[in-house]
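# An overview of the molecular structure
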Amino acid sequence: MSRRFSHTTSVQALWTPFVMHRVIQSGDSFNQEVREIATEYDTAVREMREGFPGKSNNLGYGGYDLITYGKNSKVIKDLVSLVTDACKDFVEMVYGYRHDGDMMINAGTFRQHGDQNLGIPAHTHNKRDLVAVYYPVIDADDSDPMKDGSLRLFDPANIGKRFWACSNEHSFYGNWYAIKPEVGSLVVFEGWIPHDSGYFKGNERLSIPFLIDLVTDKKHTMTSVTELMSETNGI
């Protein structure tokens, strides 16, 4: 018989990525209003991009984003409130930190319609704290599960499957984690997590991605070189 030894044991999660999927019962009229202004913005920016080849999407296009475009629209302000509330809940649930300070935010659009069958390659937003994506419109053809427009998040360690079973419902270790959005879906995760948007088959799929930074006292204070050099201050 093997000897038994007393021991103490601790387990610590390290650098664990989280994702939050919230489905908002916002109603058809709200989503229709969002669709109208987002489609109008999407069309305007696509026309602007014709003279600037190489831009992959509309997000943060020269500072001319959806929030700037719709800053006088109540529906855009309501959408921003939904997003920032979700971001506050996310960091509180994950880190136990309630953020009561300011946030910096911008937004764009990704619209798939007809037979475009577009997707977005895997990428990250390492310089942003959080990413949030809202889906006001999804009219999909469910005949092809490989073209359902899912949002996929990839294992940042690129390990994928383990060779043992996982019975912990709060842990996931596949190659990627797929979220099939529905109308009103709002997904929040940290910007460093690799993600993409799958191919889509259907009439229309409209998503609004947001990039968010939390303003805290711990962040480095940055100074504009141009402003610094333009100030004489008696020198």
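Everything below is about the structure printed above this text.
Residues numbered from 1 in each chain as written. Predicted model: local features only at pLDDT ≥ 70, side-chain atom pairs only at ≥ 80, totals over all residues. Heavy atoms only, no water.

## Overview of the overall build of the protein chain
From N to C terminus, the protein chain includes 4 helices and 10 strands. Mapped in sequence order, the helices and strands of the protein chain form the string β-α-α-α-β-β-β-β-β-β-β-β-β-α. Within the span of the protein chain, comprising 235 residues, buried residues form 35% of the whole. Taking as baseline every contact in the protein chain between residues at least 6 positions apart, the subset at least 24 positions apart corresponds to 84%. Carbon and sulfur atoms provide 52% of the accessible area of the protein chain, an area that totals close to 15,400 Å². (Helix = DSSP H or I, 4+ residues; strand = E, 2+ residues; numbered from the N terminus. Buried < 20%, exposed > 50% of the residue type's maximum accessible area, 1.4 Å probe, protein only. Contact = heavy atoms within 4.5 Å. Areas by Shrake-Rupley, 256 points an atom, 1.4 Å probe, with all protein chains shown as cover.)

## Describing the nonpolar core
Nonpolar side chains in soluble globular proteins generally cluster together in the buried interior. Formed by 32 residues in total, the largest nonpolar core has its most connected members in Leu-79, Val-83, Ile-208, Phe-210 and Ile-212. At the level of elements, helix H1 (28-49), helix H2 (66-69), helix H3 (74-95), strand E2 (103-107), strand E5 (130-140), strand E8 (185-190) and strand E10 (202-214) are the ones that each hand at least two residues to this core. Sorting elements by how many residues they give to this core places H3 first, with 9 residues. Those residues within four positions of Val-83 in sequence are excluded, and the remaining contacts are Ile-105, Ala-132, Leu-186, Phe-210 and Ile-212. (Core = buried A, V, L, I, M, F, W, Y, C linked by side-chain atoms within 4.5 Å.)

## A word on the sheet that holds strand E9 (residues 195-197)
Spatial ordering of the open sheet is given by E4-E9-E6-E7, a layout of 4 strands whose pairing is antiparallel. Sheet topology places strand E4 (120-123) and strand E7 (176-179) at the edges, where each strand pairs with a single neighbour. With strand direction ignored, the average angle separating the axes of adjacent strands in the sheet is 15°. As paired elements, strand E6 (residues 151-154) and E9 share 3 bridges and run antiparallel to each other. Bridging from a neighbouring strand, Leu-151 pairs with Ser-197 of E9. (Pairing = 2+ DSSP bridges. Axes fitted to C-alpha atoms, helices over the stretch in contact; angles between N-to-C directions.)

## Digging into H3
Between its terminal C-alpha atoms H3 stretches 31 Å, which fits the 32 Å expected from 22 residues at 1.5 Å a residue. Those residues of H3 not exposed but buried are Val-75, Ile-76, Leu-79, Val-80, Val-83, Thr-84, Ala-86, Cys-87, Phe-90 and Val-91. One or two residues past the end of H3 sits Gly-96, with phi positive at roughly 70°. (Expected span 1.5 Å × (residues − 1).)

## As for the packing of aromatic side chains
Per the counting criterion, the structure on display carries 4 aromatic pairs. Where Phe-172 meets Tyr-177, the ring centres are 5.1 Å apart and the plane angle is 75°; that geometry is what we call edge-to-face. Note that Arg-152 overlies the ring of Trp-176, its terminal NZ or CZ placed 4.9 Å from the centroid. (Phe/Tyr/Trp six-rings, centres within 6.5 Å; stacked < 30°, edge-to-face > 60°. Lys NZ or Arg CZ within 6 Å of the ring centre and 35° of its normal.)

## Description of the pattern of salt bridges
What the rule picks out here adds up to 11 salt bridges. In this structure, Asp-89 and Arg-22 form a salt bridge, with 2.8 Å as the shortest nitrogen-oxygen distance. With Asp-89 in helix H3 and Arg-22 in strand E1 (residues 19-23), this residue pair connects regions lying 67 residues apart in the sequence. The exposure class assigned to Arg-22 is partly exposed, which follows from its relative accessible area of 27%. One salt bridge in this structure joins Asp-129 and Lys-219, with 2.6 Å as the shortest N-O distance. With Asp-129 in the loop between E4 and E5 and Lys-219 in the loop between E10 and helix H4 (225-230), this residue pair connects regions lying 90 residues apart in the sequence. On the basis of relative accessible area, Asp-129 is assigned to the partly exposed category, the value being 27%. With relative accessibility at 37%, the residue Lys-219 sits in the partly exposed group. When salt bridges that share partners are traced, they join Arg-22, Asp-89, Glu-92 and Arg-98 into one network. (Salt bridge = Lys/Arg side-chain N within 4 Å of Asp/Glu carboxyl O.)

Honestly, it's all geometry; don't read function into it.
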